[in-house]
Amino acid sequence: MLIIGIAGGTGCGKTTVVNQIINELPKNEVGVISQDAYYNDLSHLTLEERRKTNFDHPNSIDFNLLEKHLKALKAGESVEQPVYSFLECNRIQKTIPTHPRKVMIVEGILILTNSEIRNMCDIKIFVHADTDERLIRRLKRDVNERGWNLNETLENYQNVIKPMHDQFIEPTKEYADIIIPNNKYNTVAVEIVRSIINEKLAEA
Ligand SMILES: Nc1ncnc2c1ncn2[C@@H]1O[C@H](COP(=O)(O)OP(=O)(O)O)[C@@H](O)[C@H]1O
Ligand SMILES: O=c1ccn([C@@H]2O[C@H](COP(=O)(O)O)[C@@H](O)[C@H]2O)c(=O)[nH]1
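Below: a short report on this structure. (Residues numbered from 1 in each chain as written. Chains lettered and ligands numbered in written order. Predicted model: local features only at pLDDT ≥ 70, side-chain atom pairs only at ≥ 80, totals over all residues.)

### Considerations on the overall build of the protein chain
Thinking step 1. Helices and strands together make up the secondary structure of the protein chain, namely seven helices and seven strands.
Thinking step 2. Its helices and strands in sequence order give the protein chain the pattern β-α-β-α-α-β-β-β-α-β-α-α-β-α, from N to C terminus.
Thinking step 3. The dimensions of the protein chain, computed from C-alpha atoms along their principal axes, are 50 × 35 × 30 Å.
Thinking step 4. For the protein chain, the proportion of its 204 residues judged to be buried stands at 33%.
Thinking step 5. Taking as baseline every contact in the protein chain between residues at least 6 positions apart, the subset at least 24 positions apart corresponds to 77%. (Helix = DSSP H or I, 4+ residues; strand = E, 2+ residues; numbered from the N terminus. Buried ≥ 20, exposed ≤ 12 C-beta atoms within 10 Å, placed from the backbone. Contact = placed C-beta atoms within 7 Å.)

### Remarks on the packing of helix α5 (residues 131-145) against helix α6 (residues 150-169)
Thinking step 1. Viewed as axis vectors pointing N to C, α5 and α6 meet at an angle of 135°, and their least axial separation amounts to 9 Å. Relative to α6, α5 is oriented oblique. Viewed along their axes, α5 and α6 form a crossing whose handedness is right-handed. Every residue of α6 that contacts α5 at Leu135, Arg138, Leu139, Asp142 and Val143 is listed here: Leu150, Thr153 and Tyr157.
Thinking step 2. Here the residues of the contact of α5 with α6 are counted per class, giving five nonpolar, one polar and two charged. (Axes fitted to C-alpha atoms, helices over the stretch in contact; angles between N-to-C directions. Parallel < 35°, antiparallel > 145°, perpendicular 65-115°, else oblique. Left-handed = near helix turned anticlockwise from the far one by under 90°. Nonpolar A, V, L, I, M, F, W, Y, C, P; charged D, E, K, R; others polar.)

### Topic: the site of ligand 2
Thinking step 1. Taken together, Thr10, Gly11, Lys14, Asp36, Tyr39, Phe55, Asp56, Phe86, Cys89, Ile109, Arg146 and Ile161 form the complete shell of residues around ligand 2.
Thinking step 2. Split by residue class, the shell around ligand 2 holds six nonpolar, two polar and four charged. (Near = placed C-beta within 6 Å.)

Shape is all these values report; function is a separate question.
If you want it as structure tokens, here you go:
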């Protein structure tokens, strides 16, 4: 199993790039695991308390479970991937059966901060978009889809998201084998990653 790690700051376009990569690839040969599904279980807290959590610090992720699941998939076993609700700021009861695939993509802002996960990745990719571009995308998405208002997002961006990005996420660019510039849609980079995957699929 080839594991491809895709990191990058919030709003850089990781999910979009992953969807572009897997689009046109055989569905039963490539799987995706999202780091968001592995936020710590916060069921012991109220929604109000959960909304105050720092979701941009590496400690907010249950990396042990993510590592366990990746190892199981690599060993040919299926796992139950948690499902995360951004509106609830928590995992929900449902899980998604996730089966081993020839290629598994793991994406998330913090995945390259964890040395165990990093070492499991055969290819490490960092998606880059400028800070102002990411903030604009984030604002639109938080207000339209994730249950935050404009002021909450701006305040969170200044007090948590930006400092955490500078301290933990941006430095992981150094670990990347490939950096994808994504201020604009980057079809050439997507095509290159897709051809690497196709080569791997043809091997087996
Ligand atoms: N290259 C791009 N140009 C313009 N908008 C983009 C681009 N890539 C992603 N977006 C938009 O930005 C928002 C965040 O993208 P997303 O892929 O969810 O980022 P991430 O997963 O890194 O947080 C989405 O609304 C998406 O449609
Ligand atoms: O309940 C939550 C949990 C996390 N977030 C924010 O999500 C981003 C990471 O997701 P991307 O899709 O990669 O942007 C992170 O910056 C958290 O602040 C949230 O809003 N609510």
